[in-house]
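# Structure assessment
For reference, the chains in residue letters:
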Amino acid sequence: MTAPVSILHEDNTGTHARIRNDFPALHQRVNGKRLVYLDSAATAFKPRCVIEAVRDVWERDCANIHRGVHTLSQRATQRYEDARVKIGRFIGTDDRRELVFVRGATEAINLVAHSYALPRLGLGDEIVITGLEHHANIVPWQVVRDRTGATLKVVPVSISGEVALSAVEQQLSSKTKIVALAHVSNALGTILRVKEIVNRAHALGAVVLVDGAQAVPHLPVNVMDLGCDFYVFSGHKLYGPDGTGVLFARRELLESMVPYQTGGDMILSVTFEKTLYNELPARFEAGTPNISGAVGLAAAIDFISDVGLEWIFRHEQLLLKFAQEKLSKIEGLRFIGTASDKVGVISFVLEGVHAHDIGTILDAEGIAIRTGHHCAQPVVERMGVAATARASLGMYNDESDIVALAEGIQRVKQMLG
Ligand code: C6P
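Residues numbered from 1 in each chain as written. Predicted model: local features only at pLDDT ≥ 70, side-chain atom pairs only at ≥ 80, totals over all residues. Heavy atoms only, no water.

## Topic: the overall build of the protein
Per the secondary structure count, the protein includes 15 helices and 17 strands. A globule of 417 residues ought to have a C-alpha radius of gyration of about 22 Å, and the protein, at 22 Å, matches this closely. With respect to the principal axes defined by its C-alpha atoms, the protein has extents near 70 × 55 × 35 Å. Among the 417 residues that make up the protein, the fraction classed as buried is 57%. Residue pairs in contact within the protein that sit at least 24 positions apart in sequence constitute 71% of those at least 6 positions apart. For the protein, the accessible area works out to roughly 17200 Å², and carbon and sulfur atoms hold 51% of it. Looking at charge distribution, the protein has the averaged site of its 43 positive side-chain charges lying 1 Å from that of its 47 negative ones. (Helix = DSSP H or I, 4+ residues; strand = E, 2+ residues; numbered from the N terminus. Rg over C-alpha atoms; globule rule 2.2 N^0.38 Å. Buried < 20%, exposed > 50% of the residue type's maximum accessible area, 1.4 Å probe, protein only. Contact = heavy atoms within 4.5 Å. Areas by Shrake-Rupley, 256 points an atom, 1.4 Å probe, with all protein chains shown as cover. Lys, Arg positive; Asp, Glu negative; His and termini not counted. Charge placed at Lys NZ, Arg CZ, Asp CG, Glu CD.)

## With respect to the site of the ligand
Near the ligand lie 17 residues; those nearest to it are Thr106, Asp211, Gln214, Lys237 and Arg370. One nitrogen or oxygen atom from the side chain of His134 is found 3.4 Å from a nitrogen atom belonging to the ligand. The contact in question runs from an oxygen atom of the ligand to an N or O atom on the side chain of Ser234, over 2.7 Å. Three or more residues apiece are contributed to the shell around the ligand by two domains, here domain 1 (5-30 + 308-416) and domain 2 (51-305). (Near = heavy atom within 4 Å. Polar contact = N/O pair within 3.5 Å; in protein donor to acceptor, adjacent residues only side chain to side chain. Domains from an automatic or database assignment.)

## Notes on the domain arrangement of the protein
When the domains of the protein are assigned, the result is domain 1 (5-30 + 308-416) and domain 2 (51-305). Measuring from the centre of the C-alpha atoms in domain 1 to the corresponding centre in domain 2 gives 28 Å. Contact with domain 1, which involves 34 residues of that partner, is made by 30 residues of domain 2. The largest contributions to the domain 1 side of the interface with domain 2 come from Leu309, Val343 and Val379, which together make up 21% of the buried area. Between domain 1 and domain 2 we count 0 salt bridges in total. Here domain 1 is connected to domain 2 by 17 residue pairs in polar contact (both at pLDDT 80 or more). Here the residues of the side of domain 1 that touches domain 2 are counted per class, giving 18 nonpolar, 9 polar and 7 charged. (Buried area = accessible area lost by both parts, 1.4 Å probe. Salt bridge = Lys/Arg side-chain N within 4 Å of Asp/Glu carboxyl O. Nonpolar A, V, L, I, M, F, W, Y, C, P; charged D, E, K, R; others polar.)

## Examining the side chain of His16
Within the secondary structure, His16 is located in helix H2 (residues 15-21). Polar contacts involving the side chain of His16 include one to the main-chain carbonyl oxygen of Asn397, which spans 2.9 Å.

## Quick notes on the pattern of salt bridges
Counted according to the given criterion, the structure contains 29 salt bridges. A salt bridge links Arg390 to Asp39, with the nearest nitrogen and oxygen atoms 3.5 Å apart. Pair noted here: Arg390 is in strand E17 (residues 388-392) and Asp39 is in the loop between strand E3 (36-37) and helix H3 (48-60), with a separation of 351 residues, a long-range link. Residue Arg390 is classed as buried on the basis of its relative accessible area of 0%. We note a salt bridge from Asp61 to Arg75, for which the minimum N-O separation is 2.6 Å. Note that Asp61 is positioned in the loop between H3 and helix H4 (71-90) and Arg75 in helix H4, a separation of 14 residues in sequence. Judged by relative accessible area, which is 1%, Asp61 ranks as buried. Judged by its relative accessible area of 31%, Arg75 falls in the partly exposed class. One connected set of salt bridges, linked through shared partners, spans Asp56, Arg60, Asp61, Arg75 and Arg79.

## Remarks on the environment of Gly245
Looking at the secondary structure, you find Gly245 in strand E10 (residues 245-249). When its relative accessible area of 0% is taken as the criterion, Gly245 is described as buried. Among all residues touching Gly245, those that are not within four sequence positions of it are Val100, Phe101, Val102, Arg103, Gly104, Phe233, Ser234 and Gly235.

## Looking at the packing of aromatic side chains
Enumeration according to the criterion identifies 8 aromatic pairs in this entry. On the basis of an interplanar angle of 45° and a centroid distance of 4.9 Å, the ring pair of Tyr80 and Phe101 is categorised as tilted. With Tyr80 in helix H4 and Phe101 in strand E4 (residues 99-102), this residue pair connects regions lying 21 residues apart in the sequence. On the basis of relative accessibility, which here comes to 1%, the residue Tyr80 falls in the buried class. When its relative accessible area of 10% is taken as the criterion, Phe101 is described as buried. A connected cluster of aromatic rings, assembled from ring pairs, spans Phe23, Tyr37, Phe45, Tyr239, Phe303 and Tyr396. (Phe/Tyr/Trp six-rings, centres within 6.5 Å; stacked < 30°, edge-to-face > 60°.)

## Concerning the packing of helix H13 (residues 355-364) against helix H15 (residues 399-416)
Their axes nearest at 9 Å, the elements H13 and H15 cross at an angle of 115°. Pair H13 / H15 crosses with right-handed handedness. Residues Asp357, Ile358, Ile361 and Leu362 of H13 pack against Leu405, Gly408, Ile409, Val412, Met415 and Leu416 of H15. Looking at the contact of H13 with H15 residue by residue, the classes come out as 8 nonpolar, 1 polar and 1 charged. (Axes fitted to C-alpha atoms, helices over the stretch in contact; angles between N-to-C directions. Left-handed = near helix turned anticlockwise from the far one by under 90°.)

## A word on H15
For H15, built from 18 residues, the straight-helix expectation of 26 Å at 1.5 Å per residue is met to within 8% by its first-to-last C-alpha distance of 26 Å. Those residues of H15 lying buried are Glu399, Asp401, Ile402, Ala404, Leu405, Ala406, Gly408, Ile409 and Val412. (Expected span 1.5 Å × (residues − 1).)

## Overview of the sheet that holds strand E13 (residues 333-336)
Across the sheet, 4 strands lie side by side as E13-E14-E17-E16; this open sheet has antiparallel pairing. Strands at the two margins of the open sheet, each flanked by one partner only, are E13 and strand E16 (370-372). Put simply, the sheet's adjacent strands are angled 30° from each other on average, direction ignored. Both E13 and strand E14 (residues 345-350) contribute to a ladder of 4 bridges, which runs antiparallel. (Pairing = 2+ DSSP bridges.)

Here it is as structure tokens:
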């Protein structure tokens, strides 16, 4: 077992202490107690540099982009487009045309469903998803199914929360047109074998959308290495501003897709008879975008790059193991999602106690977790429960947070068990 002190002890650079200092929201009391934030899968706290970047746009370069000849507009445009390049490189593309700014993972998946899938799919075609998807990667495909007559197939999930390659293969065929899957499960933390699945789907001529909302904050991601056609994520889980997100799409695909929304900035020229659409990626960014949000997200990426995703992954893995050891000693606690490859998402149930009551009592202790079906109802039901308590880790968490969680759960047991 990893003793609490050894994680920080190995970290002799003091990286972790510096990280914690950079997140103002961590340093507050909630319900009279030290805040223990274990809900980063829902949304991550923002480092000071992100808050300052957003404020700086509003204080100095507050202007609309792509429209003005004046200096402020040009500066804002430059910062927005620089952010695009930085974010693209962060996930492995150098082509700015492949990076579309959206509101979040949800909007990105809807964009692909509407602009790519709806016009192409028909009766006899198949869409394949897995059984552990977030609702954002289920419902848009149901809409496509219902409007086109295509079939929606679901790869079953094992009771440990894993998606076997053989199970994927069983659902794939020459009828498969789209495979849409999570890189990491939000409810269980399972890391999926995306690259192998992409290879198998491509061999049958299908395109692959990867929902990376829960992956990008925890592991290095390279879309070229994964070979996927679409990759989506939200900025707010990546220590960036809410209302930001990214769709990566291979350029040839994006070029062949119809616009998702129409209006200003996505056009080259408009007459009452006819509209010419803009180049990529503007064609998919109708209206004034979240300019300060994009700049803030780029600042988050600078911050993450400075810390290093390798450091983050290792730190969170150590903490995950520590949490698993610590919590497994609590009688009546059962982990939900025990995949061998997972990120720091710890879903559990407590015998005889409703998950919501766990959340409420922990909150009184200043401990923030999420309870319920986590917008992934099918997989939670597949695990044989209606709801779980979910503690999820970010780079700023440490052993003291896990110790507090374990003590909080003991308190829940004393009160309700
Ligand atoms: N999951 C959670 O607590 P948006 O809401 O668009 O930023 O992200 C949607 C989404 C899509 N895919 C996955 C795998 C996700 O985890 C999420 C968001 C949060 O688990 C809020 S429901």
